[in-house]
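# Results of the structural survey
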Amino acid sequence: MLDTPKKPDTAAPKVSFVSLGCPKALVDSERIITRLRAEGYELSREHAGSDLVIVNTCGFLDSAKAESLGAIGKALKENGKVIVTGCMGAEPENITAAYPDVLAITGPQQYESVLDAVHRAAPPRHDPFLDLLPPEGIKLTPRHYAYLKISEGCNHRCTFCIIPKLRGDLVSRPAGDVLREAERLAAAGVKELLVISQDTSAYGTDLKYATSTWRGREVKAKFLDLSEALGELGIWVRMHYVYPYPHVDDVIPLMADRKILPYLDIPFQHASPDVLRRMKRPAHQEKTLERIARWRDICPDITLRSTFIVGFPGETDADFEYLLQWLEEASLDRVGCFKFEPVRGAPANELDGVVPDDVKEERWHRFMQAQQVISARRLKRKVGTRQQVIIDSVGPSVAKGRSMADAPEIDGAVYVASRRPMRVGEIATVKIERADAYDLHGTAAGF
Ligand code: SF4
């Protein structure tokens, strides 16, 4: 007779939820509850007997504030472990003045912060046989790399872009939240983090670089400090969408020391000062050339990836020739180029000097041809070197991976021959034997 399998002792933590306020707050509550359910938490109608209580507050009118404070008081009395979120969380001092014992306070739409607070107070009890979700959540990327979003929105007003209209101004996640997520991903086997946002180097300016706790110390919500802390995780950390602020220079030594990958995805968009002004972007491209030279002095093998727009309204032949010359001097490793297209609602659509489609097309081809020669030249320098390569997929005789210079989806690949079968996600040392226009080819020389 077969034994009936015993139910493992993995009772799910119970959360009691109070949702107050308007439909927007209700949507926030739904999102938090959905995430909690997906992570295996159970919901309870009773504060007593639950592992903790979440109160989603409303702070619109004084009467709503009073109701919210009443709900927090009741939860503290009946349970004791209370996390407060929602509109009243935007002014946490009003809550702590009345209830200094609440575990955490977050503002509206700060789902990640609420979930982090819940994880700290009542960790999810993961059981791979019972739960459908892995502890790091559902990732749409392969297991060995993951995107890490550090902020939403943007404070710039580039005239071709409607992101600030769609997503609003910059809102950064506290450093502790970002680092805990990064740590969870690393613990789940992720070997490479791709740091993303609309404007990575502006990280934390909206928070006035506020500190938060991670590994028992205070970490500033600042590009350099976050980069340093991520560098402690011992996995690859790749920086995307870095706006060319002067303080970007500060992270280059971290790249030279391999704390983070020597890779900078830094969209320049153009080089002609006139076009940059019309784009409302920083317009000191001679200085940028000097900076690039300095970055290469500090970190000789830094990979620079950028994007450009040709055919922007008002771009003259002289502007375009200037761009081509700048490109030759900058000698960037990887470049994407777009033909300007009016996006509905973008201020650039109102600018005069529309460039005809056939001119745009011709400029785009000339730009791409010029850059192809530069990229191939840069790639050829790697022949004969040894590169660390992370393996993305394996075939019968050759595996496909990426060096530190290659981000997934957008850059080239390294094709690796190996005497022993390779595993997806492993990092091998590869002797580079050949380069073509975009990719490298080599043989595994160490694991
Ligand atoms: S292009 Fe980038 S930096 Fe400029 S407004 Fe859009 S998101 Fe912000």
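These notes cover the structure that comes with them. (Residues numbered from 1 in each chain as written. Predicted model: local features only at pLDDT ≥ 70, side-chain atom pairs only at ≥ 80, totals over all residues. Heavy atoms only, no water.)

## Observations regarding the pairing of strand β3 (residues 52-57)
Put simply, side chains in a regular strand alternate between the two faces of the sheet. With six of six residues buried, β3 is to be regarded as a mostly interior element. The two faces of β3 match: L52, I54 and N56 on one face and V53, V55 and T57 on the other face are all buried. Pairing of strand β1 (residues 14-19) with β3 involves five bridges; the strand directions are parallel. The partner of V15 across the bridge, within β3, is L52. Where β3 and strand β4 (residues 82-86) come together, five bridges link them in parallel fashion. (Buried < 20%, exposed > 50% of the residue type's maximum accessible area, 1.4 Å probe, protein only. Helix = DSSP H or I, 4+ residues; strand = E, 2+ residues; numbered from the N terminus. Pairing = 2+ DSSP bridges.)

## Re the site of the ligand
Near the ligand, the surroundings consist of C154, H156, C158, F160, C161, I163, P164, Q198, Y243 and R281. Its residues assigned to classes, the shell around the ligand shows seven nonpolar, two polar and one charged. (Near = heavy atom within 4 Å. Nonpolar A, V, L, I, M, F, W, Y, C, P; charged D, E, K, R; others polar.)

## Description of helix α2 (residues 62-78)
Between its first and last C-alpha atoms α2 spans 24 Å; for 17 residues at 1.5 Å apiece the expected length is 24 Å, and the two agree. Along α2, the residues classified as buried are A64, S68, A71, I72, G73, A75 and L76. Check the buried side of α2 and you find it contacts β1, β3, β4 and α3 (92-98). G80, located one to two residues past α2, shows a positive phi value of around 105°. (Expected span 1.5 Å × (residues − 1). Contact = heavy atoms within 4.5 Å.)

## Side note on the sheet that holds strand β19 (residues 427-435)
Taken together, the five strands give a closed barrel; going around it, the order is β16-β17-β18-β20-β19, and neighbouring strands pair in mixed fashion. This sheet shows a mean twist of 50° between the axes of neighbouring strands, independent of strand direction. (Axes fitted to C-alpha atoms, helices over the stretch in contact; angles between N-to-C directions.)

## Description of helix α12 (residues 357-380)
For α12, spanning 24 residues, the distance from its first C-alpha to its last is 34 Å, which sits close to the expected 34 Å at 1.5 Å a residue. Residues of α12 that are buried make contact with α10 (285-298), β14 (303-310), α11 (317-330), β15 (334-339), β19 and β20 (440-446).

## Focus on the side chain of Q387
Within the secondary structure, Q387 is located in strand β16 (residues 386-394). Looking at Q387, the relative accessible area reads 18%, which means it is buried. For Q387, the side chain forms a polar contact with the side chain of T385, separated by 2.9 Å. Among all residues touching Q387, those that are not within four sequence positions of it are K382, S403, A428, T429, V430 and I432. (Polar contact = N/O pair within 3.5 Å; in protein donor to acceptor, adjacent residues only side chain to side chain.)

## Regarding the side chain of D411
Relative to the helices and strands, D411 resides in the loop between β17 (398-403) and β18 (414-417). Looking at D411, its side chain comes within polar contact range of the side chain of R305, at 2.7 Å. Within the structure, D411 has its side chain in polar contact with the backbone nitrogen of A407 (distance 2.7 Å).

## So, the packing of helix α6 (residues 175-187) against helix α7 (residues 223-231)
Following both chains from N to C, one finds α6 and α7 inclined at 25°, their axes separated by 11 Å at the closest point. Here α6 lies roughly parallel to α7, going by the angle between them. Our pair here, α6 against α7, has a crossing hand that is right-handed. Facing α6, whose interface residues are A175, V178, L179 and A182, α7 presents L226, A229 and L230. Tallied by class, residues from the contact of α6 with α7 come to seven nonpolar, no polar and no charged. (Parallel < 35°, antiparallel > 145°, perpendicular 65-115°, else oblique. Left-handed = near helix turned anticlockwise from the far one by under 90°.)

Structural measurements only, silent on function.
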